[in-house]
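One letter stands for each residue in the lines below.
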Amino acid sequence: MAVPPYQEKTETPVGRVRALLPVRADFVAMTRNPRRDLLAGLTVAIVALPLALGFGVSSGLGAEAGLATAVVAGALAAVFGGSNLQVSGPTGAMTVVLVPIVAEHGPGGVLTVGLMAGALLIGLALLRAGRSMRYVPAPVVEGFTFGIAGVIALQQVPNALGVAVPEGDKVLVVAWRAVQEFAAHPDMTALSITVGVAGVMLLGARWFPTVPFSVVAVVLATVAVQVFGLGAEPIGALPAGLPAPSLGFLEVSALGSLVAPAVAVAALAALESLLSATVADGMTVGQKHDPDRELFGQGIANLAAPLFGGVPATAAIARTAVNVRTGASSRLAALTHAAVLAVIVFAAAPLVSRIPLAALAGVLLATAVRMVEVGALRAVAGEARMDRVDLREGEGTGAEPPGAHSEEEHALLAEHIVAYRIDGPLFFAGAHRFLLTLSEVADVRVVILRMSRVTTVDASGALMLKDAVHQLNRRGIAVLASGVRPGQRRALESVGALELLRREGREYATTPEAIEGARDRLREAGVLAPGRGPAGAGASVAGASVAGASVTAAAAEEAAR
């Protein structure tokens, strides 16, 4: 008896593999808005360049390793991954894990760990483990992020002070030795560059969020060093192109000692990528990532990147936020980002090699500062004072009807409005960081939190929501809420989150009403011209109408929330 297609897709080994491979729809989507995707990819590449260089240096393998990772892993994860919006490459969290491996085993150890981690990720995808990652507690995510930020900052101390990196495999000891060496022979050149770059990035993002200040700061620092002949150490010569794939330095004898690091790298890639994909989905209506395909794509990327001299990679929330903000709607944007970086590798290596290491230290220090959200940590610390509120299975989880709403979504962004949907168990650990990051890379005036599909509200989630609303309000961004369900109110009211949202009537029953309320506020503030944004436009954005699909009234009402 023939196996039905749906059963083959979910039950047989062949079907499981096929479900993880790219489909025709992925490539068709690239042809819908190619101009906008190309522009988004170019913008992301500009933002990603200094980060790729900096994380490559921090990993211990050099700036060229960061660029190779951004190109190879960025392209493969875009093709094979489970998200249309995700941008992958080297990240600070991953470099922290790799530093001790490089110190003990050299580049061969990184290659081995990358291959092992890639195989583990593919295995997790075949076992359909992607959906289980959503239940990782918020305290784990926040504690991990805080620790990573601290290690990244300590790693930058030698380059920020302009001293040679002292020997040692413990980052705190290395940083202290660098401080001692600087105290013995102080030179303020490198420190001034680092502080200047970090300051420009942190302050500039608040004043002009659409300007890529990381690139601006690095360019200014490089020009200053060249023009005034400052004694700041540059990155050094970069190869003009990617190295050929190589297994020549694979460490077979060290496999036993590298199992634990490989498991750590695989777990990190899975957690960070799925977290980023989940919160990126909240920025759209028609987009929904496949968690198992995302694990598979990250596995392929991590198998390949080390072969070209790169390091293991994962998705990056900041780069994904820029991708979303600039209107990306398909994988073409992430592919363009990788292609632009590849052109830089081949055509502009001599220019890139002149960038001072101190400037990259400033970029990463600013990145570490942005990673730490005091309010989120305070929320986690206060979680024990409340009980978790669970909604009934299926409550608030109405599926969004399929359809392409990219035009409407992009129109909302152009009106300085973000409609953010939170799905499933309350992922405020990721949503909190994503919303605050987005407000630093986009000119956002109003954020609408779509709450109808939240299935779990715990203390840390409620407190993180309150903190995100408070911080966005301090930045001059109004926060509205739609579709708050009765089961969510007790947790949100107990921490005062609803009180913030109710001020000036900022809580709405449905998303279309919230969108119209946002437009009214922007018209009153003079941001939108009178009459812009018809009242009915919000329904299309919220997914209440879908061309070519029959949608029940209940589903349409659910989608509108």
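Procedures and definitions
- Residues numbered from 1 in each chain as written.
- Predicted model: local features only at pLDDT ≥ 70, side-chain atom pairs only at ≥ 80, totals over all residues.
- Heavy atoms only, no water.
- Helix = DSSP H or I, 4+ residues; strand = E, 2+ residues; numbered from the N terminus.
- Buried < 20%, exposed > 50% of the residue type's maximum accessible area, 1.4 Å probe, protein only.
- Contact = heavy atoms within 4.5 Å.
- Areas by Shrake-Rupley, 256 points an atom, 1.4 Å probe, with all protein chains shown as cover.
- Pairing = 2+ DSSP bridges.
- Salt bridge = Lys/Arg side-chain N within 4 Å of Asp/Glu carboxyl O.
- Core = buried A, V, L, I, M, F, W, Y, C linked by side-chain atoms within 4.5 Å.
- Axes fitted to C-alpha atoms, helices over the stretch in contact; angles between N-to-C directions.
- Parallel < 35°, antiparallel > 145°, perpendicular 65-115°, else oblique.
- Left-handed = near helix turned anticlockwise from the far one by under 90°.
- Nonpolar A, V, L, I, M, F, W, Y, C, P; charged D, E, K, R; others polar.
- Phe/Tyr/Trp six-rings, centres within 6.5 Å; stacked < 30°, edge-to-face > 60°.
- Expected span 1.5 Å × (residues − 1).
- Bend = angle between axes of the 7 residues up to and from the residue.

> It is not clear to me how the overall build of the protein should be interpreted in this structure. Could you clarify?
In terms of helices and strands, the protein carries 26 helices and nine strands. The buried share of the protein, reckoned over its 561 residues, is 57%. Residue pairs in contact within the protein that sit at least 24 positions apart in sequence constitute 84% of those at least 6 positions apart. For the protein, the exposed surface amounts to about 22,700 Å²; the carbon and sulfur share of it is 63%.

> What exactly am I supposed to notice about the sheet that holds strand β4 (residues 417-421) here?
Picture the strands of a sheet paired through backbone hydrogen bonds; they go either parallel or antiparallel. Pairing within the open sheet is parallel, and its four strands lie in the order β4-β6-β8-β9. Here the strands that pair on one side only, and so sit at the sheet edges, are β4 and β9 (507-508). Two elements, β4 and strand β6 (residues 446-450), share five bridges in a ladder whose sense is parallel. In the strand pairing of β6, Y420 is matched with L449.

> When you look at the environment of G118 in this model, what are you seeing that I'm missing?
Examined against the element boundaries, G118 turns out to sit in helix α6 (residues 92-126). Exposure remark for G118: the relative accessible area of 0% places this residue in the buried category. Counting along the chain gives 187 residues from G118 to A305, while the straight-line C-alpha distance between them is 9.8 Å.

> Just checking my understanding: could you explain the pattern of salt bridges for this structure?
Side-chain pairing between opposite charges can occur once the charged atoms of the two side chains come close. Within this structure, the stated rule accounts for five salt bridges. For D26, the salt bridge identified is with R293, shortest N-O distance 3.1 Å. With a gap of 267 residues between them, D26 in helix α3 (residues 24-29) and R293 in helix α13 (residues 291-304) connect regions that are remote in the sequence. The burial state of D26 is the same as that of R293; both residues are buried. As a salt-bridge pair, E415 and R519 come within 2.8 Å of each other at their nearest N and O atoms. With E415 in the loop between α19 (406-414) and β4 and R519 in helix α24 (residues 511-524), this pair connects stretches of sequence that are 104 residues apart.

> What is the right way to read the nonpolar core from this model?
For soluble globular proteins, the rule of thumb is that nonpolar side chains tend to be buried together. If you look at the biggest cluster of nonpolar residues, it comprises 72 residues, and the most contacted ones within it are L53, I193, V197, I235, L341 and I355. Setting aside residues up to four positions removed in sequence, I235 forms contacts with L53, A63, V352, S353, I355, L357 and L360. Residues A442, L463, V479 and L492 belong to the second largest nonpolar core, which totals 28 residues.

> What's the story with the packing of helix α4 (residues 34-59) against helix α5 (residues 63-80) in this structure? I'm lost.
The axes of two packed helices give the description: the angle between them and the distance between them. In contact at an axis separation of 6 Å, α4 and α5 are set at 125° when each is read in the N-to-C sense. Relative to α5, the element α4 is oriented oblique. Pair α4 / α5 crosses with right-handed handedness. For the pair α4 and α5, the contacting residues are L49, A52, L53, G56 and V57 in the first and A63, G66, L67 and A70 in the second. Split by residue class, the contact of α4 with α5 holds seven nonpolar, two polar and no charged.

> What am I meant to see in the packing of aromatic side chains here?
Geometry of an aromatic ring pair is reported as the spacing of the ring centres plus the angle between the planes. Applying the stated criterion across every chain yields a total of one aromatic pair. Here the aromatic rings of F80 and F296 are separated by 6.3 Å at their centres, their planes lie at 70°, and the arrangement is edge-to-face. Of the two residues, F80 is situated in helix α5 and F296 in helix α13; the sequence distance between them amounts to 216 residues. Residue class for F296 comes out buried when judged on its relative accessible area of 10%.

> Just checking my understanding: could you explain α4 for this structure?
Because an α-helix packs 3.6 residues into every turn, residues spaced three or four apart end up facing the same way. Over its 26 residues, α4 extends 35 Å from the first C-alpha to the last, a length consistent with the 38 Å expected when each residue adds 1.5 Å. At A48, α4 shows its maximal kink, close to 35°; a proline, P50, follows between one and four residues later. Downstream of α4 by one or two residues, G60 has phi in the positive range, about 95°.

> Mind showing me how you'd approach the environment of A77 here?
Tracing the backbone through its elements, the reader meets A77 in helix α5. In this structure the C-alpha to C-alpha distance between A77 and A315, which are 238 residues apart in sequence, comes to 8.5 Å. With sequence-adjacent residues up to four places away left out, A77 is seen in contact with S88, G297, Q298 and A301.

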